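# Secondary and tertiary structure notes
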Amino acid sequence: MRFRHPDGSTVHLAYCTNVHPAETLDGVVAQLRDHCEPVRRRLGRDRLGIGLWLAKDAARALTTDPAALRGLRTELDRRGLEVVTLNGFPYEGFGAEEVKYRVYKPDWTDPERLAHTTDLARLLATLLPDDVTEGTISTLPLAWRTPFDSARAEAARTALTALAQRLDALAELTGRSIRIGLEPEPGCTVETTADAIAPLTAVGHDRIGICVDTCHLATSFEDPRTALDALTAAGIPVVKSQLSAALHAEHPHLPAVREALAAFDEPRFLHQTRTVNGTGLRGTDDLGEALTDQALPDTGPWRAHFHVPLHAAPAAPLTSTLPVLQDTLTRLVGGPRPLTRHLEVETYTWQALPPALRPRGRPQLAEGIAAELTLARDLLTDLGLKELP
C-alpha cells in the first residue's frame, strides 16, 4: 500500500510474511498464492506491499538461480504484490515448534550473517518495483546479550562496515539503494534505541541505520518522542519501522491478571517481560519466568514481548500498547517530513495466541491481517497522508 505524504514523498505500508513461515522457495511462492493475494483481495486493492521473509534455503535458491529470481518477480507482479522491504532477522526455523533463543543465530559476529544479509540485499535490488529505487532490510540487533564482549563487538562492527561497502557497490552497479536497519529487541546487546546509537555511530554509514519495532519500543518502556529525537540528534537514520503492539498488564500483582497473562505463555517464541521501578528497567527473558513468584517486581505495569493483533486488544484485564504505536507513527510520519518511508505490520504470533483467539483457517487469518492493515491505513490517513491506488 502506498501513501502520499504532504511533503510529496511516497510512504510504503506492507505486512510481514514471517507470519506464514516457509523455509523453501516453493513455500514462499505458495505463501503468495494462499495468503498474500487473498489479503490483497479482501482489502479490495490492485496492489499490496508485503515485507518478504526469505529463510536461508529460499534465499540461497534465488541467489544461485537467476531464472528462479525472475520467476519470483513475475509471480509477485501476477498476484498484485510488491516488495520494498525484507525481514532479514530470522535466518531459518522460524516456523519450528520451539524458536526461543535460536532466532538470534547466526549473529553479527558470525560470517554467515554477513553473507546472508548481502544475499538479501542483492535479491531485493532485483525484486523492487520498477518505479522504486530504495529498499530496506531489518536485521537482528548485533546479538543476544550474552556472551558479547569487546572482541565480539569489534567483530560485529567490522561485519557491518563490510556490509556498508557492499551496499555502496550494489548501488553503483544497480542504481538501487538498499539500507539495513538494526532492530532493537529486549534481551539483545542492543535492547533499546539508545543502545543502538554507539555501535551505529561507530559504523558511521547512512546505509546502516535502525528499524524501530513499536512492540519492542513499548516493551522496554521507551518514550517514542525521546527515542526518535535522540536518533535524529545522533544522525542515525530510521531505515524502517515495524508496526506492532506488545501485551500490557496494568496490575500484575492481581491473581486474575496473572492468570490472564499465563494464557500467553507459550512454547514457541521468547516473550521477554519488562517493568520499571525505582532502580530502572527490570526484566526476565520469558513470560513464564516473570510469573514465577518474586521473579519480577509487580508494583507497576508489566509489558511482554508478544505481538498481539493491532486491531484486537486482549480482553480485560489485559490490553495492548497500541497507544505507543500511535505516538511513534505520529512522530515518524506526522511531521513536515517523514523520518522513514517504509512501514511494516509485523504480527507473526497469530498461531501462538491462546487457542480461543487463534485463526481457525486461512480465511480467518487473511481477515485478521486485512483488519490490521486497515487500522494502519486509517492511522496514516488521519495524519494527513493520502492513500494511493
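The present account deals with the structure reproduced in this document. Note that the structure is a prediction, hence the values are computed from the model and not measured.

### Topic: the pattern of salt bridges
Side chains carrying opposite charge are able to pair once their charged atoms draw close together. Under the criterion given, the structure shown has 29 salt bridges. The partner of Arg362 in a salt bridge is Asp34, and the shortest N-O contact between them spans 3.5 Å. Note that Arg362 is positioned in helix α12 (residues 362-382) and Asp34 in helix α1 (residues 25-43), a separation of 328 residues in sequence. Given the relative accessible area of 18%, Asp34 is considered buried. Between Lys240 and Glu344 there is a salt bridge, and its shortest N-O distance comes to 3.0 Å. Placement of Lys240 in strand β8 (residues 238-243) and of Glu344 in strand β14 (residues 342-345) is noted, with a sequence separation of 104 residues between them. Take Lys240 and Glu344: they sit in the same class, and that class is buried.

### What about the packing of aromatic side chains?
Scanning the model with the defined rule gives eight aromatic pairs in all. Geometrically, the ring pair formed by Phe94 and Phe269 is tilted, given 5.2 Å between the ring centres and 45° between the ring planes. Note that Phe94 is positioned in the loop between β4 (81-87) and α4 (111-127) and Phe269 in the loop between α9 (255-262) and β10 (273-277), a separation of 175 residues in sequence. Neither Phe94 nor Phe269 differs from the other in exposure class; each is buried. Joined through ring pairs, the aromatic side chains of Trp53, Phe94, Phe269 and Tyr348 make up one cluster. When the ring centre of Phe221 is taken as reference, the NZ or CZ atom of Arg303 above it lies at 4.4 Å.

### Observations regarding the sheet that holds strand β9 (residues 245-249)
Read across the open sheet, the five strands follow the order β11-β10-β12-β9-β13; overall the sheet is antiparallel. For this open sheet the edge positions go to β11 (280-284) and β13 (318-320), each flanked by a neighbour on one side alone. When the angles between neighbouring strand axes are averaged without regard to direction, this sheet yields 30°.

### Comments concerning the environment of Arg45
Relative to the elements of secondary structure, Arg45 occurs in the loop between α1 and β3 (48-52). Exposure remark for Arg45: the relative accessible area of 10% places this residue in the buried category. As a C-alpha pair, Arg45 and Met1 span 44 residues in sequence and 8.4 Å in three-dimensional space. Setting aside residues no more than four positions away along its own chain, Arg45 makes contact with Met1, Arg2, Arg40, Glu387, Leu388 and Pro389.

### Looking at the environment of Gly44
Counting through the fold element by element, Gly44 comes out in the loop between α1 and β3. On the accessibility criterion, Gly44 (64% relative accessible area) is exposed. Once the C-alpha coordinates of Gly44 and Ala14 are considered, the two residues, 30 residues apart in sequence, prove to be 15 Å apart.

Rules of the game
- Residues numbered from 1 in each chain as written.
- Predicted model: local features only at pLDDT ≥ 70, side-chain atom pairs only at ≥ 80, totals over all residues.
- Heavy atoms only, no water.
- Salt bridge = Lys/Arg side-chain N within 4 Å of Asp/Glu carboxyl O.
- Helix = DSSP H or I, 4+ residues; strand = E, 2+ residues; numbered from the N terminus.
- Buried < 20%, exposed > 50% of the residue type's maximum accessible area, 1.4 Å probe, protein only.
- Phe/Tyr/Trp six-rings, centres within 6.5 Å; stacked < 30°, edge-to-face > 60°.
- Lys NZ or Arg CZ within 6 Å of the ring centre and 35° of its normal.
- Pairing = 2+ DSSP bridges.
- Axes fitted to C-alpha atoms, helices over the stretch in contact; angles between N-to-C directions.
- Contact = heavy atoms within 4.5 Å.

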